[in-house]
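So you can see what is in the structure, the chains are spelled out below.
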Amino acid sequence: MKCFTGWQGEPKEPSDMKRLWSFVIKEFRHVLRDRKTLLILFGMPVVQILIFGFALSNEVKDTQIIILDQAKDESSRQLTEKIASSRYFTLQESLNTYQQVESKFKEGKVKLALIIPQGFDHNLKHGNVSQLQILLDASDPNNANVLNSYLQAIVQDFNSSIQPELQLPFQIQTEVKMMYNPQMQGVHNFVPGVMALVLMLVCVMMTSVAIVREKETGTMEILLVSPFHPLMVILSKAIPFLLISILNVTSILLLSVFVLDLPVNGSLGLLYLESILFIITCLSLGIFISIQTSSQQIAMLISLMGLMLPTILFSGFMFPIENMPLPLQIISNIIPAKWFYIIVKSIMIKGLGFDMIWKETLVLLGITLFLIFISLKRFKIRLA
Amino acid sequence: MDKAIKTKELTKKFGNFTATDAITFEVEKGEIFGFLGANGAGKTTAMRMLCGLSSPTSGEAQIAGYDIYKETEKIKKHIGYMSQKFSLYEDLTVMENIRFFGGIYGLSNSTIKEKGEELADSLGIGEERHSLVASLPLGWKQKLAFSVAVFHEPQIVFLDEPTGGVDPVVRRQFWDLIYKAAARGITVFVTTHYMDEAEYCNRISIMVDGKIAALGSPAELRNSYQAKDMDEVFYRLARGAKRTE
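Just so we're clear, the structure is a prediction, and the values are computed from it rather than from any experiment.

Reading guide: rules and limits
- Residues numbered from 1 in each chain as written.
- Chains lettered and ligands numbered in written order.
- Predicted model: local features only at pLDDT ≥ 70, side-chain atom pairs only at ≥ 80, totals over all residues.
- Helix = DSSP H or I, 4+ residues; strand = E, 2+ residues; numbered from the N terminus.
- Buried ≥ 20, exposed ≤ 12 C-beta atoms within 10 Å, placed from the backbone.
- Contact = placed C-beta atoms within 7 Å.
- pLDDT = per-residue confidence, 0-100.
- Pairing = 2+ DSSP bridges.
- Axes fitted to C-alpha atoms, helices over the stretch in contact; angles between N-to-C directions.
- Nonpolar A, V, L, I, M, F, W, Y, C, P; charged D, E, K, R; others polar.
- Core = buried A, V, L, I, M, F, W, Y, C linked by C-beta atoms within 7 Å.
- Parallel < 35°, antiparallel > 145°, perpendicular 65-115°, else oblique.
- Right-handed = clockwise from strand over helix to strand, strands pointing away.

### Details of the overall build of chain B
- Scanning chain B for helices and strands turns up 9 helices and 10 strands.
- Dimensions of chain B, computed from the C-alpha atoms along their principal axes, are close to 50 × 40 × 35 Å.
- Taking all 245 residues of chain B together, the buried fraction comes to 47%.
- Put simply, of all contacts in chain B between residues at least 6 apart along the chain, 70% involve residues at least 24 apart.

In structure tokens form, the structure reads like this:
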């Protein structure tokens, strides 16, 4: 048995790794014992992916449309059928007067109406020009725009199908290719965004709360009196969340591949390495917050309000950064999630290699080193 | 090295306020040293300096023969500390706490296991060793916290008002543990509010306004202040205090 009792002689130096190990085990116990938190930790990514994947979607699909057919002739019926058979629109009950259409709009039951005036067929075939009116609820302008272009496309298609012989003497043909996302699926956009969001939540909030809790309960003092180095305290707090976050990355990727049919086009290894870098960024942010605050509530508030909101706003996955005013565009650069979002999108969807994302990686690395540096400077080894 | 603690004009200032004003004292090896004083007299500040939690403004001190400025890492290996706040992890079991604290002091697994079982049995909480600490009564928690503080057999253990809020019976049991530790050669440095506890100490110092106003064995102090008990000694000294909370 080792002897630590004597006044004489130094105790044998125990290995730092072993101490660190005891600490990490203890941290895991804290995390595993708290069932509710555990459920949030592992349930959140799954729920978020499923919500974003199935509930929130800005794609046009089965939109209710009213067609007020005042012509009731051959062409108008053909057009109506064409619209009804497309997967974008579902025909609502047919109405007879303009007033009825208007009241439907007022009730908010419909956002789109097509009015086919009398003599549609006749004008088309004999007068060569026929008019249609499209009514849109533009209180949601983006949506109105999208619906408009879908409907226009169908009308255009109809137009050329009834007059196949129509050929202009000169014509510019455009060929459109949707790169990286040929089916224009919305899922592609949000998977990297959800990944950034989840990692941010888990790492920043959980780490800061875990460290501040030790300050609050008074156990931090005991740890500072012990020979365990204060920096090791912080390191061992971060390790469990690093591992949990890697698991979360895995579960998000599995869901996206097997449930959402979104494959990882680039290198999986690179994706994991970049994720680990971003996790470390978030952990150092959490550590920085915990050094600055002394109560769990404040730590949680800063993590939630001060970080979640900017992450959602400025990472570019909900709102395009290019459309923001210049000052906000500049601010967006200090949001780590923005860079991670670009990186994940590039690897997962575009299938690009490291040569195309080294700049973003460098920015992320810079932010991380900066956070670690100021945390170390602010960290007081002695409490007073 | 002959003394467990040795200080010379140890001072701590916070701005213009001198919390601990040039205190000089020595504590012998294996002694139970009571550190008394009214609230705000500077006890906790002094103790925090001795534990390395706070750096002194001026003065000198040696703990277990190591310099308080230059050899803090060595000091940390040879002291134990129990703070005013209850300081075990409530969401861990008794054995998990013991394993953790043993682990960060670098004890081997077999030592931890062997001593841990022994400890749980001797405290009479053998049955509860796998229960969460949160479920234990306060008295048991305090005794367990003390046992954990001396688990690595430090040379000196610092106790900051360890018996706050527990009943007299548990306090008596707690002092039995302190005596046992002292008998093993551990120096005990304890702050307290309870004057009956002061009587249990080998020697005590009484701090007033950041200075040590009296130092000696309980009997010596009673004699020199012509007092019937420690309560009276304390009131005579504390009455002169200018600082109030």
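Back to the text.
### Some details on the overall build of chain A
- Within chain A one finds 14 helices and 4 strands.
- The long-range share in chain A, meaning contacts at least 24 apart out of those at least 6 apart in sequence, stands at 78%.

### Observations concerning the confidence of the model for chain A
Residue and element names in this part refer to chain A.
- On average, residues of chain A score 83 in pLDDT, and 90% of them are at 70 or above.
- Helix H5 (residues 120-127) is the least confidently modelled element of chain A, averaging 81 in pLDDT, while helix H10 (residues 268-292) averages 93, the highest of any element.
- This stretch, residues 1-12, has a pLDDT under 50; its non-local contacts, to residues over four places away or in other chains, come to 10 contacts.

### Focus: the sheet that holds strand E4 (residues 133-136) of chain A
Residue and element names in this part refer to chain A.
- Read across the sheet, 4 strands follow the order E2-E1-E3-E4 without closing on themselves; strand pairing throughout is mixed. Strands with a single pairing partner mark the edges of an open sheet, and in this sheet they are strand E2 (89-91) and E4. Each strand of the sheet is rotated relative to its neighbour by a mean of 30°, with strand direction disregarded.
- Sheet analysis places strand E1 (residues 63-69) next to strand E3 (residues 112-116), joined by 4 bridges and oriented parallel. Bridge pairing links isoleucine 67 to leucine 114 in E3.
- Contacts from helix H3 (residues 74-85) reach E1, E2 and E3 within the one sheet, and its direction differs from that of E1 by about 175°.
- Those strands touched by helix H4 (residues 98-107) are E1, E3 and E4, and its axis lies near 165° from that of E1.

### With respect to the interface of chain B and chain A
- Of the residues lining the interface, 30 residues belong to chain B; the matching set on chain A comes to 29 residues.
- Where the side of chain B that touches chain A is concerned, the elements lending two or more residues are helix H1 (43-51), helix H2 (72-78), strand E6 (79-82) and helix H3 (94-104) of chain B.
- With 5 residues, H3 of chain B is the single largest residue contributor to the side of chain B that touches chain A.
- Split into classes, the residues belonging to the side of chain B that touches chain A amount to 10 nonpolar, 11 polar and 9 charged.

### Observations regarding the nonpolar core
- Ranked by size, the top nonpolar core spans 132 residues in total, and within it Leu199, Met200 and Cys203 of chain A together with Ile63, Val157, Phe158 and Val188 of chain B carry the most contacts.
- Here the element with the most residues in this core is helix H7 (residues 187-217) of chain A; it accounts for 19 residues.
- Setting aside chain neighbours within four positions, we find valine 157 of chain B in contact with Ile79, Gly80, Ala149, Val150, Ala181, Ile186 and Val188 of chain B.
- Judged by nonpolar contacts, the second largest core, of 15 residues, contains Ile83, Ala113, Phe120 and Leu147 of chain A.

### A few points about unusual backbone geometry
- The backbone phi angle of aspartate 261 of chain A is positive, close to 55°, even though this residue is not glycine.
- As for its position among the elements, aspartate 261 of chain A is in the loop between helix H9 (230-258) and H10.
- Judged by the 10 C-beta atoms lying within 10 Å of it, aspartate 261 of chain A falls in the exposed class.
- If you check the backbone angles, aspartate 209 of chain B has positive phi at about 50° while not being a glycine.
- On the secondary structure map, aspartate 209 of chain B appears in the loop between strand E9 (203-208) and strand E10 (211-216).

### Describing the packing of H3 of chain A against H5 of chain A
Residue and element names in this part refer to chain A.
- Where H3 meets H5, the axes come as close as 6 Å, and the angle between the chain directions of the two elements is 105°. In terms of orientation, H3 and H5 fall into the roughly perpendicular class. On the side of H3, the interface is formed by Glu74, Ser75 and Ser76, while H5 contributes Phe120, Asp121 and Leu124.
- Its residues assigned to classes, the contact of H3 with H5 shows 2 nonpolar, 2 polar and 2 charged.

### Side note on the pairing of E9 of chain B
Residue and element names in this part refer to chain B.
- Among the 6 residues in E9, 5 count as buried, and that is most of the element.
- Relative to E9, strand E3 (residues 32-37) runs parallel, the two being bridged by 5 bridges. Within E9, the position partnered with phenylalanine 35 by the bridge is serine 205.
- Looking at chain direction, E9 and E10 are connected through 5 bridges and run antiparallel. Opposite valine 208, over in E10, you have lysine 211 as the bridge partner.
- Adjacent in sequence and paired antiparallel, E9 and E10 are bridged by 2 residues, among which aspartate 209 carries a positive phi angle near 50°.

### Here we look at the confidence of the model for chain B
- This prediction gives chain B a mean pLDDT of 89; 98% of its residues lie at or above 70.
- This prediction of the complex comes with two scores: 0.78 for pTM and 0.87 for ipTM.

### Some thoughts on the packing of H10 of chain A against helix H13 (residues 336-349) of chain A
Residues and elements named next belong to chain A.
- Two elements in contact, H10 and H13, have axes separated by 10 Å at closest approach and are oriented at 170°. Viewed along their axes, H10 and H13 adopt a mutual orientation that is roughly antiparallel. Residues Leu270, Leu271, Glu274, Phe278 and Thr281 of H10 pack against Pro336, Phe340, Ile343, Val344, Ile347 and Met348 of H13.
- A per-class count over the contact of H10 with H13 returns 9 nonpolar, 1 polar and 1 charged.

### A short note on the environment of methionine 324 of chain A
Residues and elements named next belong to chain A.
- The topology assignment puts methionine 324 in the loop between helix H11 (296-314) and helix H12 (326-332).
- Among the residues examined, methionine 324 registers 16 C-beta atoms within 10 Å and is labelled partly exposed.
- Considered as a pair, methionine 324 and phenylalanine 314 are 10 residues apart in the sequence and their alpha carbons are 9.5 Å apart.

### Considering the pairing of strand E8 (residues 187-192) of chain B
All names here are of chain B.
- In terms of burial, E8 is a largely internal element, 6 of the 6 residues being buried.
- In E8, alternate side chains face the same way, and those of Thr187, Phe189 and Thr191 on one face and Val188, Val190 and Thr192 on the other are all buried.
- As paired strands, E3 and E8 are joined by 5 bridges and run parallel to one another. Bridging from a neighbouring strand, isoleucine 32 pairs with valine 188 of E8.
- In the sheet, strand E7 (residues 156-160) pairs with E8 via 5 bridges, with the strands oriented parallel. Across the sheet, leucine 159 pairs through a bridge with valine 190, a residue of E8.
- Regarding the hand of the β-α-β motif, the stretch spanning E7, helix H6 (residues 168-183) and E8 is right-handed.

### A word on the sheet that holds E8 of chain B
All names here are of chain B.
- Ordered by their spatial adjacency, 6 strands build an open sheet running E6-E7-E8-E3-E9-E10, and the pairing between neighbours is mixed. With partners counted over all chains shown, the strands left at the sheet margins are E6 and E10, one partner each. When the angles between neighbouring strand axes are averaged without regard to direction, this sheet yields 15°.
- Its contacts with the sheet put helix H5 (residues 138-149) on E6 and E7, and the angle it makes with E6 is roughly 160°.
- Here H6 sits on the sheet and contacts E3, E7 and E8; the angle it forms with E8, its principal contact strand, is near 150°.

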